[in-house]
Amino acid sequence: MRTAKICLAGAAAAAMVGFLAAPAAAAPTDTTTTTFEVLAGTLDIDAPAAADLGDGAPGGTITGQLGTVTVTDSRGAADASWVASVTATVFQTGGASQPETVLPEEINYWSGPLTASTGDGTFTPGQATGGDADPLSSVTPLTAFTHSGGTGGNTVSWNPTLVVNVPLDSIAGVYTGTVTHSVA
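Bear in mind that the values here come from a model prediction, so they are computed numbers and not experimental data.

### Let's talk about the overall build of the protein
Argument step 1. Each helix and strand in the protein was counted, giving one helix and 14 strands.
Argument step 2. Classification of the 184 residues of the protein by burial places 26% in the buried group.
Argument step 3. Approximately 11100 Å² of the protein is accessible, and the part contributed by carbon and sulfur atoms is 60%.

Here it is, written out as structure tokens:
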């Protein structure tokens, strides 16, 4: 009987070792909580550094394009609306006397249609056609382009046209001034 108990104890011990050494069963699925962050960017405008509108006679007009102006909105906002505006300084030549000066109000601006865009929402030119051209000002900003609605990021580009109404008493020379685009 003693032999039977030893055999039974040995068998039980062997079974226990086999049970403890059995590999763990893997779960059929598992999950990983994953995160990422969309960063808030900026609202920027980029315009050409220089433009030559051409030439014309006193009492005539000079018409030329500034080159591509681009607004880039990477703010990631729930309402991605913005307004781009434009102002100008006085244009002068020589000693900047009255006949050597062209006021911003004597220069008409028209944005024209967009030339490229990305994103959703509504893009609207301030002056869609040449007939909509408005005089510039050094004090009161003129709306160049707007974006309303939409979410996240967007971009728009346009190539504005300036029409200089050259005063009849203007003196010959190269007139220089600054056209400033801004966005908010």
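### Describing the sheet that holds strand E8 (residues 114-118)
Argument step 1. Here we have four strands laid out as an open sheet, ordered E1-E3-E12-E8, and antiparallel in their pairing. Each edge of the open sheet carries a strand with a single partner, namely strand E1 (43-46) and E8. Averaged over all adjacent pairs, the angle separating strand axes in this sheet is 10°, with direction ignored.
Argument step 2. As paired strands, strand E3 (residues 69-77) and strand E12 (residues 152-158) are joined by six bridges and run antiparallel to one another. The residue bridging threonine 72 from the neighbouring strand is threonine 155, located in E12.

### Brief notes about the sheet that holds strand E2 (residues 61-65)
Argument step 1. Strand order in the open sheet formed by four strands is E2-E13-E7-E10, and the pairing between neighbours is antiparallel. The outermost strands of the open sheet, each flanked by one partner alone, are E2 and strand E10 (134-135).
Argument step 2. With five bridges connecting them, E2 and strand E13 (residues 161-165) associate as antiparallel partners. Residue pairing in the sheet places glycine 64 in a bridge with leucine 162 of E13.

### Examining unusual backbone geometry
Argument step 1. A positive phi angle, close to 65°, is found at alanine 96, a residue other than glycine.
Argument step 2. Relative to the helices and strands, alanine 96 is located in the loop between strand E5 (91-92) and strand E6 (101-102).
Argument step 3. On the accessibility criterion, alanine 96 (30% relative accessible area) is partly exposed.

### Observations regarding the nonpolar core
Argument step 1. Within the largest apolar cluster, 25 residues are counted, with the highest numbers of intra-cluster contacts made by Val71, Trp82, Tyr109, Leu136 and Trp158.
Argument step 2. When contributions to this core are tallied by element, the ones reaching two or more residues are E3, strand E4 (82-88), strand E7 (107-110), strand E11 (142-148), E12 and E13.
Argument step 3. Other than its neighbours up to four places away in sequence, tryptophan 82 contacts Leu43, Val71, Asp73, Arg75, Phe123, Phe145, Thr146, His147, Asn154, Val156, Val183 and Ala184.

### Focus on the environment of valine 102
Argument step 1. Within the secondary structure, valine 102 sits in strand E6.
Argument step 2. Residue valine 102 is classed as buried on the basis of its relative accessible area of 5%.
Argument step 3. Residues valine 102 and valine 166, 64 residues apart in the sequence, show an inter-C-alpha distance of 7.2 Å.
Argument step 4. Here valine 102 is in contact with Val90, Phe91, Ile107, Val164, Pro167, Ser170 and Tyr175, once residues within four sequence places are set aside.

### A closer look at the environment of asparagine 159
Argument step 1. For asparagine 159, the location among the structural elements is in the loop between E12 and E13.
Argument step 2. Linking asparagine 159 and serine 111, residues 48 residues apart in sequence, is a C-alpha distance of 6.4 Å.
Argument step 3. Beyond its immediate stretch of four places on either side in the chain, asparagine 159 contacts Gln65, Leu66, Gly67, Thr68, Ser111 and Thr115.

### A short note on the pairing of E4
Argument step 1. In terms of burial, E4 is largely enclosed, as six of its seven residues are buried.
Argument step 2. Sheet topology note: the E4/E11 ladder contains five bridges and is antiparallel. Within E11, the residue paired with tryptophan 82 across the bridge is histidine 147.
Argument step 3. As defined by bridge partners, E4 adjoins strand E14 (residues 179-183) across five bridges and the pair is classed as antiparallel. Directly across from serine 85, in E14, lies its bridge partner serine 182.

### What to know about the environment of serine 111
Argument step 1. On the secondary structure map, serine 111 appears in the loop between E7 and E8.
Argument step 2. Judged by its relative accessible area of 1%, serine 111 falls in the buried class.
Argument step 3. C-alpha of serine 111 to C-alpha of valine 86: the two residues are 25 residues apart in sequence and 9.9 Å apart in space.
Argument step 4. For serine 111, the residues in contact, after removing those within four places along its chain, are Pro125, Gly126, Gln127, Ala144, Phe145, Trp158, Asn159 and Pro160.
Argument step 5. Separated by 3.2 Å, the side chain of serine 111 and the backbone oxygen of glutamine 127 make a polar contact.
Argument step 6. Here the side chain of serine 111 touches alanine 144 through a polar contact of 3.2 Å, landing on its backbone oxygen.

Cut-offs and rules
Residues numbered from 1 in each chain as written. Predicted model: local features only at pLDDT ≥ 70, side-chain atom pairs only at ≥ 80, totals over all residues. Heavy atoms only, no water. Helix = DSSP H or I, 4+ residues; strand = E, 2+ residues; numbered from the N terminus. Buried < 20%, exposed > 50% of the residue type's maximum accessible area, 1.4 Å probe, protein only. Areas by Shrake-Rupley, 256 points an atom, 1.4 Å probe, with all protein chains shown as cover. Pairing = 2+ DSSP bridges. Axes fitted to C-alpha atoms, helices over the stretch in contact; angles between N-to-C directions. Core = buried A, V, L, I, M, F, W, Y, C linked by side-chain atoms within 4.5 Å. Contact = heavy atoms within 4.5 Å. Polar contact = N/O pair within 3.5 Å; in protein donor to acceptor, adjacent residues only side chain to side chain.

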